[in-house]
Amino acid sequence: MIKIVSDSSTLYSIKEGQANNIDIAPLTVSIDNKTYREYEDINTEEFIDIINEGHVPKSSQPSIGHVLDLYSKYPEDEIINISMADGLSGTYNSACMAKSMDNNPERIDVINSKTLCGPHRYLVDLAVKLVEVGYTRNQIVNEIMKFIETSTSFLIPYDFDFLVRGGRVSSIVGKIGSAIKLVPVMTLSEDSKSLEKFTTKRTYKKAVKKICETFIEKNIDSNYKIYISHACKEDLANEAKEIILEDIKDADIEINLLSPAFTTQGGPGCVAIQVIKKHDSLK
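Residues numbered from 1 in each chain as written. Predicted model: local features only at pLDDT ≥ 70, side-chain atom pairs only at ≥ 80, totals over all residues. Heavy atoms only, no water.

An unreviewed UniProt entry lists the protein under the name DegV family protein, from Clostridium tertium.

Have a look at this one:
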């Protein structure tokens, strides 16, 4: 049999992953001198409450030992581990290290999804579906690799503070942006290894509109899945959905709550807008 393994960048908890035939290795977050497995030891709402008390969070990849344990659960099976983007986390490297330590590493494929959150979830769901319909391991890997290249991601931080803390903008730029109330938009770099500045706009609506312009340039339509993920700002997520539907009438949009680990990237209130092309088996 073929087993699908991933991490909580998919926005799946261990239990939710199991319900979808996926084994999940949770990322961890550290805050106020304590470390938590996201979804298992702390949820996003609790995490944001601690941040709002003035504490600065950090995130980290699943331990190599935990990933190795997941591989060891299935000693006789083939395994495909679809990891969040290499460079944004050490998660891909942990998955590869665990593979090298397995008793039979040749049975394991580790895929760098070059994405995270919504499109990452789509890719692991696709892998599960392809297992169900009888694809071989090599066929599944080939299909996943093709669809990785159709993903695009944007992040709208709630303010500049977390961008400054993460070193993505200078403190001077952050102060100026905050003072004149600009809305920053970040995107995944071309190599998918980091977040970089995409644009800044005067309002949230104009920021989302600019993202829509990019989607239209890329011919995004109902053949694509659009994910809007938020850090406890459902009103902003719904506003983004309505703005997108104004420009892409038949858009297929799903809204999710971001996990604690990704709240550390954009801060409480951030919104991620992402897209990936649909596979025929999941249409």
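Explain the sheet that holds strand β13 (residues 271-277) to me, please; I cannot follow it from the model alone.
Pairing between the strands of a sheet is mediated by backbone hydrogen bonds and can be parallel or antiparallel. One open sheet holds the 6 strands; their spatial order is β10-β9-β8-β13-β11-β12, and the pairing between them is mixed. Each edge of the open sheet carries a strand with a single partner, namely β10 (195-201) and β12 (252-257). Sheet twist, expressed as the average angle between the axes of neighbouring strands with direction ignored, equals 20 degrees. With 6 bridges joining them, strand β11 (residues 224-230) and β12 adopt parallel strand pairing. Opposite His-230, over in β12, you have Leu-257 as the bridge partner. On the sheet, helix α5 (residues 117-132) packs against β11, β12 and β13 and is oriented at approximately 35 degrees with respect to β13. Packed onto the sheet, helix α10 (residues 234-247) meets β11, β12 and β13 and runs at close to 155 degrees relative to β11. (Pairing = 2+ DSSP bridges. Helix = DSSP H or I, 4+ residues; strand = E, 2+ residues; numbered from the N terminus. Axes fitted to C-alpha atoms, helices over the stretch in contact; angles between N-to-C directions. Contact = heavy atoms within 4.5 Å.)

Explain the sheet that holds strand β3 (residues 28-31) to me, please; I cannot follow it from the model alone.
Read from one edge to the other, the open sheet built from 3 strands follows the order β4-β3-β5, with strand pairing classed as antiparallel. This sheet does not close on itself; its edge strands, each paired only once, are β4 (34-37) and β5 (58-60). The average undirected angle you get between the axes of adjacent strands in this sheet is 25 degrees.

Got a minute to help me understand helix α9 (residues 204-217) in this structure?
The periodicity of an α-helix, 3.6 residues per turn, causes residues three or four places apart in sequence to face the same way. Here α9 contains 14 residues, and its C-alpha end-to-end distance of 20 Å stays within 8% of the 20 Å for a straight helix at 1.5 Å per residue. Buried within α9 are the following residues: Tyr-204, Ala-207, Val-208, Ile-211, Cys-212, Thr-214 and Phe-215. The buried residues of α9 occupy an angular sector of 160 degrees when projected down its axis, which confines them to one face. Here the buried face of α9 lies against β8 (152-156), β9 (183-188), β10, β11, α10 and β13. Downstream of α9 by a residue or two, Asn-219 has a phi angle that is positive, lying close to 60 degrees. (Expected span 1.5 Å × (residues − 1). Buried < 20%, exposed > 50% of the residue type's maximum accessible area, 1.4 Å probe, protein only. Arc of directions from axis to C-beta.)

I keep staring at the packing of α5 against helix α6 (residues 137-148) and nothing clicks. Help me out?
Helices that pack against each other are described as a pair by the angle of their axes relative to one another and the distance between those axes. α6 packs onto α5 with a crossing angle of 150 degrees between their chain directions and a minimal axis gap of 10 Å. In terms of their interaxial angle, α5 and α6 are classed as roughly antiparallel. Between α5 and α6 lies a crossing of right-handed hand. Along its contact with α5, which presents Leu-123, Leu-126, Ala-127, Leu-130 and Val-131, the element α6 presents Ile-140, Glu-143, Ile-144, Phe-147 and Ile-148. Broken down by class, the residue content of the contact of α5 with α6 amounts to 9 nonpolar, no polar and 1 charged. (Parallel < 35°, antiparallel > 145°, perpendicular 65-115°, else oblique. Left-handed = near helix turned anticlockwise from the far one by under 90°. Nonpolar A, V, L, I, M, F, W, Y, C, P; charged D, E, K, R; others polar.)

It is not clear to me how the pattern of salt bridges should be interpreted in this structure. Could you clarify?
Note that side chains of opposite charge can pair when their charged atoms are close. For the structure shown, the criterion picks out 15 salt bridges. Among the salt bridges present, the one from Arg-137 reaches Glu-78, with a minimum N-O distance of 3.3 Å. With Arg-137 in helix α6 and Glu-78 in strand β6 (residues 78-83), this residue pair connects regions lying 59 residues apart in the sequence. For Asp-252, the salt bridge identified is with Lys-278, shortest N-O distance 2.8 Å. Of this pair, Asp-252 sits in strand β12 while Lys-278 sits in the segment after β13, placing them 26 residues apart in sequence. For Lys-278, a relative accessible area of 14% gives the class buried. Where salt bridges share partners, they join Arg-121, Lys-225, Asp-252, Glu-254 and Lys-278 into one cluster. (Salt bridge = Lys/Arg side-chain N within 4 Å of Asp/Glu carboxyl O.)

Explain unusual backbone geometry to me, please; I cannot follow it from the model alone.
Note: most peptide bonds trans; most residues except glycine with negative phi. A positive phi angle is found at Asn-21, which is not glycine, with a value near 65 degrees. Position of Asn-21 among the secondary structure elements: in the loop between α1 (14-19) and β2 (22-25). Notably, Asp-32 is not glycine yet its phi reads approximately 55 degrees, a positive angle. By the secondary structure assignment, Asp-32 is in the loop between β3 and β4.

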